[in-house]
Amino acid sequence: MTARSGLRCGARAVAWLSQRSKMAAVCCALLAPAAVQARGPESVAPIADGLIEAVVNISTSQAIKGPQGLPLPSVPKGSPYHEYFEDFFDNRGGRSAQDRMVSSLGSGFIVDAKQGIIVTNNHVIDGAEEIQINLHDGSKLKAELLGKDTKTDIAVLKVTPKSPLKEVKFGSSQAIRVGDWVMAIGNPFGLGGSVTLGIISAKARNINSGPYDDYLQTDASINKGNSGGPLFNMDGEVVGVNTAIISPTGGSIGIGFAVPADTVAPVVQQLVEFHEVRRGWLGVKIQSVSEEISEALGLPENAGALVAATTPAGPAANGGIKAGDVIVKFANEDVTSMRSLPRLVARAPIDKQVPVEILRKGERLTLQITVGRLSEEDEKPPVDEDAKPAAVGDDVLGLKLSALTDALRSKYGIDVDVKGALVDAIDPKSPAAGSIKVGDVIVQAANEPVTGPKDLSKRIETVRKSKRKTMMLEVEDSKGGHRFVSVPVE
């Protein structure tokens, strides 16, 4: 090989290596974003530095009377052995030496530095006789309880600061997405301010802790003592209040839950202003729109809340909402499921009109409803959302139907104003027995009133001619309760 040919080979090698380097650079450029995403943020130190002073540790104490919480014996003065009882129990100011002081630790965060307003979980301070706030700089302040809400497990405290405090702001929990990074700061196991990082694992979780469950799920480490602490997005905004974990050991296994900021913020505002929560009230009993009911109503999606009944003279009834309507929007927000409606109504302004979009007999209508105020008597659980569909038997829906007579009304306790077809017997082999009971009255079929057994047969034929496979029935029981079931008519 000549020197010139060797140079040519070397040049080719250099060109080949250069081309490979360019290709590698392009590949790295394409893969870089994914790699960065995979390993997470470079650091959350700049975010944590600006937030950790606004997160507080909360310690509480309360006395439980007597050994193991039992009441102490009471002996009248002047009676035999009174002095011995007094010496033994060492009664001082009504608190006995046998009383047990129980302490608990939790977390919280400051949302108003000037007023000294602190947010935490209700279960952190529930039953406390004394509440102490431990600030990040080591100083301590006594706190008073401004108000609490057991249904969302939120409490608001107030302190009188001796020096300026640091505060944080609420962000939008609706805007946050599954997979977004979040950071928790709190007081796990009483260790003091600790920062953990993770992502949003899921949204709108129902863990059956209350009527307004809508939790954010995160894998950011949350442990005992983190309760009441904030969950931050990467803009340093509070998107949730860390509340609960699922764990067989009591420690974090990566399944933690936070109350969304969109739920917490209005509750905090009302607790500060009124020392109680004033929720909106619509006056409806609702159930979910199952796939069978959705098909029976001709709905394109399995969404919305089906109105099973309205409260007489309630906001919904006064505004024109009727049993059988499906509420698909409330105050311009989509009702994505039965459970979402109570949350939307609860935070609606009281005594103000809001638009409510409904589906009635296939037609969309928008009604203006004046929201009422929810009372304890009004807050009853909705109709069972898992009502099972019935099936058609050899006779009318596999049911023995009778016209309502005075004797049957007396037998089943049916009000004189109720009109419909009475279910007097059910074929035990018919699946209709899973959703309809003897003594029920079918009052509507396919959104049309039923006055007797013949009406129901006519409704079935009409639905069959329309080529629908299912039909919806409105059923009233002997106690006046209403529910909807969907039945096949093929």
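Everything here concerns the structure above.
As the structure is a prediction and not an experimental result, all values here were calculated from the model.

Caption draft 1: Summary view of unusual backbone geometry. Positive phi outside glycine occurs at Ala313, with the angle close to 65°. Of note, Ala313 is situated in the loop between β16 (305-310) and α7 (315-319). Taking the relative accessible area as the measure of exposure, Ala313 reaches 66% and is therefore exposed. Backbone geometry places Asp351, a non-glycine residue, at a positive phi of 65°. Relative to the helices and strands, Asp351 resides in the loop between α8 (340-346) and β19 (353-360). What makes Asp351 exposed here is its relative accessible area of 60%.

Caption draft 2: View of the side chain of Asp213. As for its placement among the helices and strands, Asp213 is situated in the loop between β9 (194-205) and β10 (215-218). Although Asp213 is buried, it makes no salt bridge; Arg339 carries the closest opposite charge, 4.8 Å away. At 3.1 Å, the side chain of Asp213 forms a polar contact with the backbone nitrogen of Ile207. Setting aside anything within four residues of it in sequence, one finds Asp213 in contact with Arg205, Asn206, Ile207, Asn208, Arg339 and Arg343.

Caption draft 3: Spotlight on the packing of aromatic side chains. Here the structure, examined in full by the defined rule, presents two aromatic pairs. Taking the centre distance of 6.0 Å and the plane angle of 80° together, the rings of Phe109 and Phe170 count as edge-to-face. Note that Phe109 is positioned in strand β2 (residues 100-112) and Phe170 in the loop between β7 (154-158) and β8 (181-186), a separation of 61 residues in sequence. Between Tyr215 and Phe257, the ring centres sit 6.2 Å apart and the planes meet at 65°, which makes this aromatic pair edge-to-face. Of this pair, Tyr215 sits in strand β10 while Phe257 is found in strand β13 (residues 256-260), placing the two residues 42 residues apart along the sequence. On the basis of relative accessibility, which here comes to 4%, the residue Phe257 falls in the buried class. When the ring centre of Phe274 is taken as origin, the NZ or CZ atom of Arg278, which lies over that ring, is 3.8 Å away.

Caption draft 4: Structural view of helix α5 (residues 261-274). Taking 1.5 Å per residue, 14 residues should reach 20 Å; α5 reaches 20 Å between its end C-alpha atoms and fits that length. Of the positions making up α5, those classed as buried are Ala261, Thr263, Val264, Val267, Val268, Gln270 and Leu271. On its buried face, α5 sits against β3 (117-121), β6 (144-149), β7, β12 (238-245) and β13. One or two steps after α5, the chain reaches His275, where phi turns positive at roughly 65°.

Caption draft 5: Geometry of the environment of Asp262. Within the secondary structure, Asp262 sits in helix α5. Note on Asp262: relative accessible area 25%, which makes it partly exposed. The residues touching Asp262, leaving out its near neighbours within four places in the chain, are Gly171, Ser172, Ser173, Gln174 and Arg347. Separated by 3.0 Å, the side chain of Asp262 and the backbone nitrogen of Gln174 make a polar contact.

Cut-off values and rules
Residues numbered from 1 in each chain as written. Predicted model: local features only at pLDDT ≥ 70, side-chain atom pairs only at ≥ 80, totals over all residues. Heavy atoms only, no water. Helix = DSSP H or I, 4+ residues; strand = E, 2+ residues; numbered from the N terminus. Buried < 20%, exposed > 50% of the residue type's maximum accessible area, 1.4 Å probe, protein only. Lys, Arg positive; Asp, Glu negative; His and termini not counted. Salt bridge = Lys/Arg side-chain N within 4 Å of Asp/Glu carboxyl O. Polar contact = N/O pair within 3.5 Å; in protein donor to acceptor, adjacent residues only side chain to side chain. Contact = heavy atoms within 4.5 Å. Phe/Tyr/Trp six-rings, centres within 6.5 Å; stacked < 30°, edge-to-face > 60°. Lys NZ or Arg CZ within 6 Å of the ring centre and 35° of its normal. Expected span 1.5 Å × (residues − 1).

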